[in-house]
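# Analysis of the macromolecular model
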Amino acid sequence: MIKKVVTAIAGLTLTAGLVGSVSVPAGAQAGAATGTATGDAVQVAAPKPPKGARAVVQVSPNPTARRGQEVTITGHCGGGTGLKAVIAGIDRERPVLENVRIIKDDPKGFLAKGTLSSRIGNGVGPVFVDCGGEAGVTLLVTHV
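Not measured: the values here are computed from a predicted model. (Residues numbered from 1 in each chain as written. Predicted model: local features only at pLDDT ≥ 70, side-chain atom pairs only at ≥ 80, totals over all residues. Heavy atoms only, no water.)

### Some details on the pairing of strand β7 (residues 135–142)
Note on strand geometry: in a regular strand, side chains alternate between the two faces of the sheet. Judged from the eight bridges that link them, strand β6 (residues 123–130) and β7 form a sheet pairing that is antiparallel. Paired with Pro-126 across the bridge in β7 is Leu-139. Hairpin geometry of β6 and β7 is characterised by an intervening segment of four residues between the two adjacent antiparallel strands and by a positive phi of about 60° at Gly-132. (Pairing = 2+ DSSP bridges. Helix = DSSP H or I, 4+ residues; strand = E, 2+ residues; numbered from the N terminus.)

### A closer look at the sheet that holds β6
Ordered in space as β3-β6-β7, the three strands form an open sheet in which the pairing is antiparallel. The open sheet is flanked by β3 (85–88) and β7, the only strands paired with a single partner. Between one strand and the next, the sheet's axes are offset by a mean angle of 20°, whatever the strand orientation. (Axes fitted to C-alpha atoms, helices over the stretch in contact; angles between N-to-C directions.)

### Some points on the side chain of Thr-64
Structurally, Thr-64 can be placed in the loop between β1 (56–60) and β2 (70–76). Excluding its chain neighbours within four sequence positions, the residues that come into contact with Thr-64 are Gln-69, Val-71, Leu-116, Leu-140, Val-141, Thr-142 and His-143. (Contact = heavy atoms within 4.5 Å.)

### Let's talk about the state of the cysteines
Applying the stated criterion to the full structure yields one disulfide. For Cys-77, the disulfide goes to Cys-131, at an S-S distance of 2.4 Å. Across the S-S bond linking Cys-77 and Cys-131, the dihedral sits near -60°, which makes this disulfide left-handed. Placement of the pair is Cys-77 in the loop between β2 and β3 and Cys-131 in the loop between β6 and β7, with a sequence separation of 54 residues. Across the pair, Cys-131 and Cys-77 agree in class, each one buried. (Disulfide = S-S within 2.5 Å. Buried < 20%, exposed > 50% of the residue type's maximum accessible area, 1.4 Å probe, protein only.)

### Re unusual backbone geometry
Note the cis peptide between Ser-60 and Pro-61, where omega equals -5°. Inspection of the secondary structure assignment puts Pro-61 in the loop between β1 and β2. For Asn-99, which is not glycine, the phi dihedral falls at a positive 55°. Here Asn-99 is to be found in strand β4 (residues 97–104). For Asn-99, a relative accessible area of 52% translates into the label exposed.

### Side note on the environment of Cys-77
We classify Cys-77 as buried; its relative accessible area is 0%. Placed 24 residues apart in sequence, Cys-77 and Ala-53 show a C-alpha to C-alpha distance of 9.3 Å. With residues up to four places along the chain from it excluded, the contact list for Cys-77 reads Arg-54, Ala-55, Gly-82, Leu-83, Pro-107, Phe-110, Cys-131 and Glu-134.

### What about the sheet that holds β2?
Taking strand neighbours across the sheet as the criterion, the four strands line up as β1-β2-β5-β4 in an open arrangement whose pairing is antiparallel. Of all strands in the sheet, those with a lone pairing partner are β1 and β4, marking the two edges. Strand-to-strand twist in this sheet, taken as the mean axis angle between neighbours without regard to direction, amounts to 20°.

### Some details on the pattern of salt bridges
In the structure shown here, the tally under the stated rule is four salt bridges. Between Lys-51 and Glu-134 there is a salt bridge, and its shortest N-O distance comes to 3.6 Å. Within this pair, whereas Lys-51 is found in the loop between α2 (26–30) and β1, its partner Glu-134 is found in the loop between β6 and β7, the two being separated by 83 residues in sequence. Note that Glu-98 and Arg-119 form a salt bridge whose closest N and O atoms lie 3.7 Å from each other. One end of the pair, Glu-98, is in strand β4; the other, Arg-119, is in the loop between β5 (110–116) and β6, and 21 residues separate them in sequence. Looking at Arg-119, the relative accessible area reads 53%, which means it is exposed. (Salt bridge = Lys/Arg side-chain N within 4 Å of Asp/Glu carboxyl O.)

This is the structure we're talking about:
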């Protein structure tokens, strides 16, 4: 499973790099190609994430405010078979979330809950989901 999560992280990173490198044609920047006035924002569609990195995950509340606080993890599997695991943090010996429970593993809308570790400090940490063929990641911000 670790290999799948690492592969998904690499895919998400690659996607983020592609989104950052998209350029707008010169005609669109001046408004000539779109017929809009100069200065209007031009929207360019982001590329679809690569296979293996299409799950979507959110954590609420985010940012968190106190140790031991319960958080809710929701999202969808983006084509995966259903929620298999939630991993919070990179260090398995000191996870960001403890007592993670999968309440609903439906691929169209999953739900899990966990509590913020009593050893956590201020910072940002990743929350990964494994959806059986697709993975997702979001960042959890802590202000304790």
